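The residues making up each chain are set out below.
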Amino acid sequence: MSLPKREMEELRPWVERTVKKVLGFSEPTVVTAALHCVGKGLDKRKTIDQLRPFLDDSAGGFVERLFEALEESRSARGNKGGGEKHRKRDLKDVFGDEAETGAKREAPEPGDGTVAKRKRVPRFEEVEEPEVIPGPPSESPGMLTKMQIKQMMEAATKQIEERKKQLMSRLLGTPAAAASFMNDAIEKARKAAELQARIQSQLAMKPGILGALGNTGPHNLVALANLHAMGIAPPKVEAKEVNKPTPLILDDKGRTVDASGKEVELTHRMPTLKANIRAVKREQFRQQLKEKPGEDLESTSYFDQRVFITPAQRPRRAFKFHDQGRFEKIAQRIRTKAQLERLQCEIAQAAKKTGIQASTKLALIAPKKEIGEGEVPHIEWWDSFILNLSTLYSLLININSSLFDTDKPVTLGVYLTKKEQKKLRRQTRREGQKEVQEKVRLGLMPPPEPKVRISNLMRVLGTEAVQDPTKVEAHVRAQMAKRQKAHEEANAARKLTAEQRKEKKVKKLKEDLINGVHVSVYRIRNLQNPAKKFKVEANANQLYLTGTVVLHRDVNLVVVEGGPKSQKKFKKLMLHRIKWEEHNSKRDDPDGDDDTKRNNKCWLIWEGTTKERSFGEMKFKQCPTENMAREHFKKHGTEHYWDLALSKSVLDGCTDD
Amino acid sequence: VFSWGSFHNAAPAVKKSRVFYGSLEEKERERLSSEAASSAASGSDAVKAGIEAGNINISSGETLEMEERVSERQQEALAAFERRRRARQITVSTDDAEVKAGLRALGEPITLFGEGPADRRERLRSVLSVVGPDALKKSRRDEERAKRSQDECQQTWYHEGSASLKDARLWLAKYSLPRAMRRLEAARAQRDVTEATRTIRQQELHKSLRNLNNFCSQIGDDRPISFCHFSADSKMLATASWSGLCKLWSVPDCNLIRTLRGHNTNVGAVVFRPQAGVSLDQSDVNLASCAADGSVKLWNLESDEPVADIEGHSERVSRVSWHPSGRFLGTTSYDRSWRLWDLEVQEEILHQEGHSKGVHDIHFHPDGSLAATGGLDSFGRVWDLRTGRCVVFLEGHLKEIYSLHFSPNGYHLATGSGDNTCKVWELRNRKCLYTVPAHQNLLSAVRFQPTDGHFLLTGAYDNTAKVWSHPGWTPLKTLAGHEGKVMGVDVSPDGKLIATCSYDRTFKLWLSE
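Residues numbered from 1 in each chain as written. Chains lettered and ligands numbered in written order. Predicted model: local features only at pLDDT ≥ 70, side-chain atom pairs only at ≥ 80, totals over all residues. Heavy atoms only, no water.

Explain the overall build of chain B to me, please; I cannot follow it from the model alone.
Helix and strand counts for chain B come out as nine helices and 29 strands. Among the 513 residues that make up chain B, the fraction classed as buried is 47%. When contacts within chain B are restricted to residue pairs at least 6 apart in sequence, long-range pairs at least 24 apart make up 47% of them. (Helix = DSSP H or I, 4+ residues; strand = E, 2+ residues; numbered from the N terminus. Buried < 20%, exposed > 50% of the residue type's maximum accessible area, 1.4 Å probe, protein only. Contact = heavy atoms within 4.5 Å.)

Explain the nonpolar core here, please?
Leu557, Val559 and Trp642 of chain A together with Cys422 of chain B are the most contacted members of the largest nonpolar core, which has 30 residues in total. Among the elements that take part in this core, helix α24 (residues 639-656) of chain A stands out by supplying five residues, more than any other. In this structure Leu557 of chain A touches Val521, Tyr522, Arg523, Thr548, Val549, Val550, Phe633, Tyr641, Trp642 and Ala645 of chain A, once residues within four positions along its chain are discounted. Residues Ala269, Ala288, Cys290 and Leu329 of chain B belong to the second largest nonpolar core, which totals 28 residues. (Core = buried A, V, L, I, M, F, W, Y, C linked by side-chain atoms within 4.5 Å.)

Quick question: what am I supposed to make of the environment of Arg613 of chain A here?
All names here are of chain A. Mapped onto the elements, Arg613 comes out in the loop between β7 (602-610) and β8 (619-622). We classify Arg613 as partly exposed; its relative accessible area is 35%. Taking the C-alpha atoms as reference points, Arg613 and Val517, 96 residues apart in sequence, are found 6.4 Å from one another. Each residue touching Arg613, except ones within four places of it in the same chain, is listed here: Leu513, Val517, Tyr544, Leu545, Thr546, Glu561 and Gly562.

Just to check I follow, could you spell out helix α6 (residues 117-131) of chain B for this structure?
The periodicity of an α-helix, 3.6 residues per turn, causes residues three or four positions apart to be oriented the same way. Spanning 15 residues, α6 of chain B covers 21 Å between terminal C-alpha atoms, matching the ideal 21 Å at 1.5 Å per step. Just downstream of α6 of chain B, Gly132 of chain B is the residue with a positive phi angle, here 95°. (Expected span 1.5 Å × (residues − 1).)

Can you walk me through helix α23 (residues 626-635) of chain A in this structure?
Residue and element names in this part refer to chain A. All buried positions along α23 are accounted for by Ala629, His632 and Phe633. Projected onto a plane normal to the axis of α23, the buried residues spread over an arc of 95° and lie on a single side. Opposite the packed face of α23, turned more than 90 degrees from it, sit the exposed residues Asn627, Glu631 and Lys635. Looking at the residues trailing α23, positive phi occurs at Gly637, about 70°. (Arc of directions from axis to C-beta.)

What exactly am I supposed to notice about the confidence of the model for chain B here?
Any residue range with low pLDDT should be treated as having predicted coordinates unsuitable for detailed reading. Residue and element names in this part refer to chain B. Mean pLDDT for chain B: 85, with 90% of residues reaching 70 or above. Mean pLDDT values for the elements of chain B range from 42 in helix α1 (residues 2-9) up to 94 in strand β19 (residues 401-406). A low-confidence stretch, residues 1-15 stays under pLDDT 50, and its non-local contacts, those more than four residues away or across chains, total zero contacts. The complex model carries a pTM of 0.58, and its ipTM stands at 0.70. (pLDDT = per-residue confidence, 0-100.)

Help me understand a nonpolar patch on the surface in this model?
All names here are of chain A. Together, Val414, Leu416 and Leu424 give the surface a local cluster of nonpolar side chains, amounting to about 300 Å² of exposed area. In this fold, Leu416 is placed in the loop between β3 (395-399) and α15 (418-442). Relative accessible area serves as the criterion here: at 38%, Leu416 is assigned to the partly exposed category. (Patch = residues over 30% accessible without salt bridge, like charges linked within 9 Å, V, L, I, M, F, W, Y side chains within 5 Å. Areas by Shrake-Rupley, 256 points an atom, 1.4 Å probe, with all protein chains shown as cover. Salt bridge = Lys/Arg side-chain N within 4 Å of Asp/Glu carboxyl O.)

Would you explain unusual backbone geometry in this entry?
Phi is mostly negative for residues that are not glycine, and the peptide bonds are mostly trans. A cis geometry characterises the amide bond from Val251 of chain B onward to Pro252 of chain B, with omega recorded as 5°. Topologically, Pro252 of chain B is positioned in the loop between β5 (245-250) and β6 (256-261). Phi is positive for Tyr544 of chain A, close to 55°, though the residue is something other than glycine. If you trace the backbone, Tyr544 of chain A turns up in the loop between α20 (530-542) and β5 (546-551). Despite not being glycine, Asn463 of chain B shows a phi value in the positive range, around 70°. Inspection of the secondary structure assignment puts Asn463 of chain B in the loop between β24 (455-460) and β25 (464-469).

Explain the packing of helix α5 (residues 96-105) of chain B against α6 of chain B here, please?
Two measures define how a pair of helices packs: the angle their axes make with one another and the distance between the axes. All names here are of chain B. Here α5 crosses α6 at 40°, and the two axes come no closer than 10 Å. Taken together, the axis directions place α5 and α6 in an arrangement best described as oblique. In this structure, α5 crosses over α6, and the sense of that crossing is left-handed. Facing Asp96, Val99, Lys100, Gly102 and Leu103 of α5, the residues of α6 in contact are Pro117, Arg120, Arg121, Arg123 and Leu124. Among the residues making up the contact of α5 with α6, the classes are represented as four nonpolar, one polar and five charged. (Axes fitted to C-alpha atoms, helices over the stretch in contact; angles between N-to-C directions. Parallel < 35°, antiparallel > 145°, perpendicular 65-115°, else oblique. Left-handed = near helix turned anticlockwise from the far one by under 90°. Nonpolar A, V, L, I, M, F, W, Y, C, P; charged D, E, K, R; others polar.)

Rendered as structure tokens:
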């Protein structure tokens with residue numbers, strides 16, 4: 001237990017004095033040595049050994065004293081540290097901002113669920129709701145009033161003064177400096193403990209909010225324990241004493257009686273069947289469960305309140321009902337706000353687009369209200385503006401609308417002809433070759449092995465080949481195999497992995513849709529055949545087309561959206577590849593009208609581009625009525641597809657007739 | 001026995017140690033130290049004395065590292081190779097001016113004495129291979145960004161207009177307001193018509209439209225016919241051709257009346273003045289035409305030479321349109337502007353910018369109060385002629401707007417676009433009323449029925465024209481028959497005839513039988 005430097009410095013004057021007392025004169029070497037021993041954390045015997053050369057016989061006594069002092073100062077410091085912390089917090093709790101007294105008073109008290117709940121941030125920030133936000137510090141019955149707190153504090157300070165005086169008289173024997181130092185620490189610790197205890201008792205007396213907390217017991221046992229350790233009596237305010245066992249008194253018959261002589265019924269534990277015992281135990285256990293869990297936890301004197309332990313069982317939550325219409329009110333407020341914002345945003349947008357910068361001016365000329373289809377206004381809004389205006393403009397307005405992205409210059413990438421590509425390749429290869437040659441010439445690279453084949457083996461390795469043809473042939477073949485292998489490896493390295501290949505394919509199919517989505521609408525007379533349905537759906541999915549299929553009597557509409565290439569493929573599928581007319585299939589259901597099946601056909605109703613996809617994944621929808629189908633399209637903002645297809649079918653019907 | 005002897009005599013062969021050509025100091029020191037260790041102090045004193053006297057020199061192990069120096073040289077050579085390789089990969093412009101600009105940007109002299117463009121280019125490349133090719137690109141990008149931000153700062157600006165413009169605006173206000181009143185009154189009167197009669201009329205109209213048939217087909221020129229327009233009395237049809245000729249045809253017998261020679265290139269439009277054939281004199285200006293070279297010409301009905309040329313356009317003029325009063329002529333140009341010409345003053349009174357790309361079509365409101373322009377930027381704008389403001393912004397088309405037309409009812413506007421759709425806009429509420437997925441290729445022309453606006457005619461590059469009922473937008477009839485793209489459509493002011501002209505060099509008249 002070596003001490004930090006600061007503490008050593010604090011100890012130094014005291015040790016000096018002790019040394020002076022023991023030796024009769026001050027001796028810095030001894031002081032340093034003593035401090036050194038203490039600093040190293042040596043025990044008594046060792047310290048005596050160490051100091052013997054300096055102090056001879058008086059070493060024992062000196063070390064005794066030294067250690068006593070050390071002990072005292074240490075405990076004082078411990079108290080000082082802990083106590084100070086405590087005190088600060090509590091004082092703040094008590095004296096905190098007047099406005100926040102109510103809220104803050106509760107804050108450090110754990111265990112009560114409501115506190116945590118109240119502290120929750122209100123969900124709707126912009127809406128001021130007195131129910132949500134913790135109210136102003138009203139003098140609620142459970143809380144201490146300001147006056148009470150003041151009184152308490154005054155009493156506490158008075159007591160502290162008294163205590164101090166007592167202590168002064170008691171501690172006269174010890175050196176003055178140490179005494180004052182100790183005093184200080186003790187005072188702080190005491191103050192804290194006292195305050196806590198007071199508050200505790202006060203709270204215990206108030207039956208309101210903290211009733212349950214009243215018997216939770218040792219609120220600040222740490223502080224009390226510190227006081228005990230210092231040999232100072234705890235403050236007068238009584239905390240709940242730990243229950244002592246009641247004395248066992250037996251009368252002449254051997255029965256248990258209490259102090260007054262009345263018989264006390266002790267619990268009898270009858271040895272019965274194991275099953276019964278278990279039943280009893282279970283019952284007890286259940287009861288324990290029903291009671292507050294963790295109560296025994298709190299009764300231990302080592303329970304630290306500050307540490308938050310989540311109970312094993314969650315306490316049952318009570319219902320919290322809101323007033324009726326509260327959220328409606330909030331929602332209404334939010335809605336109006338959003339509406340206002342939207343309106344402002346719209347006006348600003350319109351102003352930007354039309355080039356009229358002041359949105360107020362735009363609002364002036366904007367139509368005042370929506371005009372219905374059948375109505376004829378008294379005057380058109382653009383004319384009404386002129387009528388109101390006395391002076392006319394003779395201005396030219398230039399609006400720079402280059403802020404729209406559509407007018408970016410279109411640039412093509414650099415494309416080379418076959419010839420150019422070849423030339424480029426030739427050049428780069430030649431350069432590379434030259435570089436290698438240069439490097440070899442400069443000795444930066446070992447010269448490459450002569451390239452031997454079976455055909456030039458005799459020329460390259462003339463004498464050796466003659467001497468040992470078998471060996472040389474083997475060598476040549478090995479070299480050839482090596483070359484082959486290197487080549488194949490290079491090829492394999494260039495090759496895309498299966499995953500990359502897949503990605504590439506998908507990328508090719510998923511086209512760039514920034515410049516608009518291509519849409520095509522097909523109408524089929526009869527789309528009941530599951531095989532054909534499947535073909536339509538599967539192809540659309542494979543081509544990454546989105547859209548919808550609506551099945552209606554004579555108008556089966558297929559709408560697909562995607563890139564131009566996929567559209568082209570899908571068009572081929574619909575108009576050429578699928579043979580729509582079915583002649584005499586064997587499994588003809590009797591009620592299916594043969595006419596539409598035989599004369600089944602697919603028309604391309606419309607193809608064009610839109611800004612965005614309006615549909616999600618390809619889905620089939622059975623629509624028995626026209627209205628339902630139109631609703632379905634209207635939901636996606638594309639009712640014109642349906643209108644067009646339907647009117648076309650009607651027209652076709654007319655021409656058929 | 002023999003081996004024994006040899007074993008004892010010769011020490012076991014020491015493993016051949018590496019040949020070491022460096023200094024022997026290391027070994028010497030080792031030896032010395034070992035000696036010192038073995039013979040405690042016998043020789044060491046002497047050696048120490050020797051060292052102290054300076055007779056024995058033992059350095060502290062400094063060696064001259066030749067290997068490193070060699071590798072350094074190698075490194076340099078390799079780096080040079082690398083640099084050359086990089087230089088090869090850098091693409092440098094072959095444009096000498098650009099090369100010079102690049103050199104200047106890098107802080108290099110732009111030219112050296114006796115240096116040709118090729119050498120300069122190589123120099124730039126070698127410099128870039130050292131500093132990295134990004135250096136040049138970065139500076140260029142900065143410039144671009146600065147320029148763009150500067151552009152974005154200025155969005156709307158105003159010029160002061162001429163006095164004639166102010167006069168014109170006042171005149172327009174005076175002209176349009178009573179017309180608007182009259183129109184609204186008529187609309188109110190129309191509202192009083194009972195539902196039944198209205199439906200009957202509508203049904204009759206639909207029936208007649210269903211019976212539209214090709215009435216006449218005429219080869220108009222030996223180049224595609226780009227535009228056709230009926231005169232106000234429905235007695236004449238003007239066609240414009242890419243050959244530069246405009247022709248007047250009698251209707252309905254399709255006889256050539258006159259050929260108007262004046263343009264040298266593709267004529268974009270030829271338009272009758274609103275009162276032509278009704279109240280206008282034959283010698284007065286009756287027609288206006290425009291061509292791709294930016295020439296705009298005015299014609300009368302007497303000669304085949306233009307009466308006047310309107311000069312001022314430098315780029316293609318795609319369409320011209322007359323103001324309902326006949327006093328003003330609107331022209332649209334691919335220089336991103338449209339202009340208003342006053343025939344009385346005979347000058348350009350308004351040069352209106354606002355589109356970010358070329359302006360393709362213009363049409364005036366029947367009251368004469370508004371003008372709608374549509375351009376290649378896919379946005380339409382409706383301008384108030386009396387104030388000069390853009391009062392409605394039509395945003396919704398994905399591609400260029402090629403045609404606009406006001407409905408005679410005054411508050412509907414149809415636009416035909418390159419995205420194969422026709423949109424009908426409601427001006428009173430400023431929104432898109434309906435999107436007609438009209439054709440399978442771009443829409444080149446849209447027209448409302450000029451009498452009541454009860455049907456909509458669209459022509460497209462899919463070789464067909466279509467007739468749509470106006471409220472409801474159901475297809476009534478597809479006018480198929482052209483072998484080429486339909487480039488222009490028109491409805492005669494009396495509402496009986498429909499004309500379409502096409503890329504296949506013919507124009508056709510359609511009549512309900």
